[in-house]
Amino acid sequence: MNLHRPARTASRRAAQAVATLGAAVLLLTACGGGSDSGSGKPAAGKSAEADSASAKTRTVKDATGTAVEIPAEPKRIVTLTQEDLDAVLALDIKPVGITNGQGLDKPPAYLADKVQGIDIVGNLLQPVMDKVVAAKPDLILAGDMQDEQVLKQLRQITPATLVTMAPTDDWKLFFRGVGNAVNKLDAANKFITDHEAAAKAAGEKLGKNKGAEVSIVRWNPDGPSWMENKQFASGVALEMGLKRPESQNKDGNAHTPSLSLEKINEIDGDWLFLSTLTSDGAKALKDVQDKPAYKELGAVKNKQVVTVDGSVWSTRGGPLAADVVMEDYIKALSAE
């Protein structure tokens, strides 16, 4: 299970935990020259050099450890998750096909201005095969796709189909893997280095909120769940020198099961960052805000509750999303 996809269960997470190779194996690359089928002569209108360049391939291992031959310089990339889309955009690559954001029927708002005019080929990890075919991809980035039937169909469209994330991969490991797959590993490493430096510097400038305890919560239809330390938005907080409430200081990369009102005190902190992913979750949050248990939270009493975009905060994350989360922290914690 993608630890941050709300539809999957903890038991399925455990069953899939054996997939520990992760995006790190994407960094193991062998370069080589491929060849077009047929006579080997350049196509009409093409120089021999251009034909040779287009035929070059590299072999990488995807997040499952599967060796995949891909174009050395892919030109038509289709992304099947928000994270894959985020990653290629951060590397200044415009894909030819994308899917809608997590819990959305459109691309995520924080990427909307960057994806105008790009064909949508389905929902998150639910590609419409005819639309994928129409995009004519030479590389498909399939996120944490677990459905073998879907993967088989995608590989019939192009064998260059990569599972880019394993269950325990964080955004940096995943991003480096994608960077390697598109031949931009140096650019991915530079982005990460720059982000880490910016986060550290921003945390030093938070005044009285420097080192504040931040509670990071997604409100589900059946109640709130808080995020463990290695979950995406939590990791950004720690990069900034922020802390987690004692009840949330757990070294994992998942959301907790939804809490009952009797345990709502677990979501308290100096600051409470709240997100939802669905309309049912948003309704449940609105309903609870009139209840005494919610009103008694310290962050609520101190008016230090911040509503954030769940399609950014409550995901596995990516490089551009990490910068958005950092800016959200800065905006909230620098306001006083």
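Residues numbered from 1 in each chain as written. Predicted model: local features only at pLDDT ≥ 70, side-chain atom pairs only at ≥ 80, totals over all residues. Heavy atoms only, no water.

Q: Residues and numbers for the overall build of the chain, please.
A: When its secondary structure is counted, the chain shows 13 helices and 14 strands. A burial count over the chain gives 52% of its 336 residues as buried. Long-range contacts, defined here as pairs at least 24 residues apart, represent 67% of the contacts in the chain between residues at least 6 apart. Roughly 15,400 Å² of accessible area belongs to the chain as shown, and the carbon and sulfur atoms make up 51% of that amount. (Helix = DSSP H or I, 4+ residues; strand = E, 2+ residues; numbered from the N terminus. Buried < 20%, exposed > 50% of the residue type's maximum accessible area, 1.4 Å probe, protein only. Contact = heavy atoms within 4.5 Å. Areas by Shrake-Rupley, 256 points an atom, 1.4 Å probe, with all protein chains shown as cover.)

Q: A description of the packing of aromatic side chains should follow, citing residues and the corresponding values.
A: Enumeration over the complete set of coordinates arrives at 6 aromatic pairs. Between Phe 273 and Trp 313 the ring centres are 5.3 Å apart and the planes differ by 15°, which places this aromatic pair in the stacked class. You can see Phe 273 sitting in strand β13 (residues 271-275) and its partner Trp 313 sitting in helix α12 (residues 310-313), a full 40 residues away along the chain. Classification of Trp 313 by relative accessible area gives buried; the value is 1%. Aromatic pair Phe 273 and Tyr 329: ring centres 5.1 Å apart, planes at 75°, arrangement edge-to-face. Pair noted here: Phe 273 is in strand β13 and Tyr 329 is in helix α13 (residues 319-333), with a separation of 56 residues, a long-range link. Residue Phe 273 shares its accessibility class with Tyr 329, and that shared class is buried. Members of the aromatic cluster, each reached through a chain of ring pairs, are Trp 171, Phe 175 and Phe 191. (Phe/Tyr/Trp six-rings, centres within 6.5 Å; stacked < 30°, edge-to-face > 60°.)

Q: I'd love a proper account of the environment of Arg 176, names of residues and values included.
A: Along the chain, Arg 176 turns up in helix α6 (residues 171-181). According to the relative accessible area criterion, Arg 176 is partly exposed, its value standing at 27%. Residues Arg 176 and Asn 189, spaced 13 residues apart in sequence, show a C-alpha to C-alpha distance of 6.7 Å.

Q: Account for the packing of helix α7 (residues 185-204) against α13, naming residues and giving values.
A: Packing of α7 against α13 leaves a shortest axis separation of 11 Å and a crossing angle of 5°. In terms of orientation, α7 and α13 fall into the roughly parallel class. Of α13, the residues touching α7 (which contributes Phe 191, His 195, Ala 198, Ala 199 and Ala 202) are Pro 319, Leu 320, Ala 322, Asp 323, Met 326 and Ile 330. Residue classes in the contact of α7 with α13 are distributed as 9 nonpolar, 1 polar and 1 charged. (Axes fitted to C-alpha atoms, helices over the stretch in contact; angles between N-to-C directions. Parallel < 35°, antiparallel > 145°, perpendicular 65-115°, else oblique. Nonpolar A, V, L, I, M, F, W, Y, C, P; charged D, E, K, R; others polar.)

Q: Account for the nonpolar core, with residues named and values stated.
A: In this structure, Phe 175, Val 214, Met 240, Leu 242, Phe 273, Trp 313 and Tyr 329 are the most contacted members of the largest nonpolar core, which totals 57 residues. Sorting elements by how many residues they give to this core places α13 first, with 8 residues. Sequence-distant contacts of Tyr 329, defined by excluding residues within four places in its chain, comprise Val 214, Ile 216, Ala 233, Val 236, Ala 237, Met 240, Leu 242, Phe 273, Trp 313 and Ser 334. Met 129, Ile 140, Ala 142 and Ala 166 belong to the second-largest nonpolar core, a separate cluster that totals 18 residues. (Core = buried A, V, L, I, M, F, W, Y, C linked by side-chain atoms within 4.5 Å.)

Q: I'd like a description of α13, backed by residues and values.
A: Taking 1.5 Å per residue, 15 residues should reach 21 Å; α13 reaches 21 Å between its end C-alpha atoms and fits that length. Considered for burial, the residues of α13 that qualify are Pro 319, Leu 320, Ala 321, Ala 322, Val 325, Met 326, Tyr 329, Ala 332 and Leu 333. (Expected span 1.5 Å × (residues − 1).)

Q: Any details on helix α5 (residues 148-157)? Residues and values, ideally.
A: Inspection of α5 places Val 150, Leu 151 and Leu 154 among the buried residues, and these make up the whole buried set. One face of α5 carries all of its buried residues, which in axial projection span an arc of 100°. Counted as exposed and oriented over 90 degrees from the buried face of α5: Glu 148, Gln 149, Lys 152 and Gln 156. Backbone nitrogen of Gln 149 and a side-chain oxygen of the N-cap are separated by 3.0 Å at the start of α5; the cap is Asp 147. (Arc of directions from axis to C-beta. Polar contact = N/O pair within 3.5 Å; in protein donor to acceptor, adjacent residues only side chain to side chain.)

Q: Just give me the short version of the pairing of strand β2 (residues 56-61), but keep the residues and values in it.
A: Along any regular strand the residues' side chains alternate between the sheet's two faces. Where β2 lies against strand β3 (residues 67-71), 5 bridges are found, and the strand directions are antiparallel. Bridged to Thr 59 within β3 is Glu 69. The antiparallel pairing of β2 with β3 creates a hairpin that spans 5 residues between the two strands, and Gly 65 there sits at a positive phi of about 90°. (Pairing = 2+ DSSP bridges.)

Q: Run through unusual backbone geometry, naming residues and quoting values.
A: Phi angles above zero are rare outside glycine, and Leu 125 is one such case at about 55°. Located in the positive-phi region is Asn 183, a residue other than glycine, with phi close to 65°. Residue placement: Asn 183 occurs in the loop between α6 and α7.

Q: For the environment of Asp 222, give the residues involved together with the corresponding values.
A: Within the element layout of this structure, Asp 222 appears in the loop between β11 (214-220) and β12 (223-226). You can call Asp 222 exposed: its relative accessible area is 60%. Separated by 59 residues in the primary sequence, Asp 222 and Gly 281 place their C-alpha atoms 7.7 Å from one another. If we ignore the near neighbours within four places in the chain, the residues touching Asp 222 are Ser 258 and Leu 259. At a separation of 2.8 Å, a polar atom in the side chain of Asp 222 contacts the side chain of Ser 258.

Q: Which residues make up the pattern of salt bridges, and what values do they have?
A: Going through the model one piece at a time under the given rule, you end up with 9 salt bridges. In this structure, the salt-bridge partner of Asp 62 is Arg 155, at a minimum N-O distance of 3.7 Å. You can see Asp 62 sitting in the loop between β2 and β3 and its partner Arg 155 sitting in helix α5, a full 93 residues away along the chain. Look at Asp 62 and you get buried, because its relative accessible area is 0%. Asp 287 is the salt-bridge partner of Lys 283, the closest N and O atoms lying 3.0 Å from each other. Within this pair, Lys 283 and its partner Asp 287 are both found in helix α9 (residues 279-288), separated by 4 residues, close to a single helical turn. Among the residues examined, Lys 283 registers a relative accessible area of 52% and is labelled exposed. Given the relative accessible area of 40%, Asp 287 is considered partly exposed. (Salt bridge = Lys/Arg side-chain N within 4 Å of Asp/Glu carboxyl O.)

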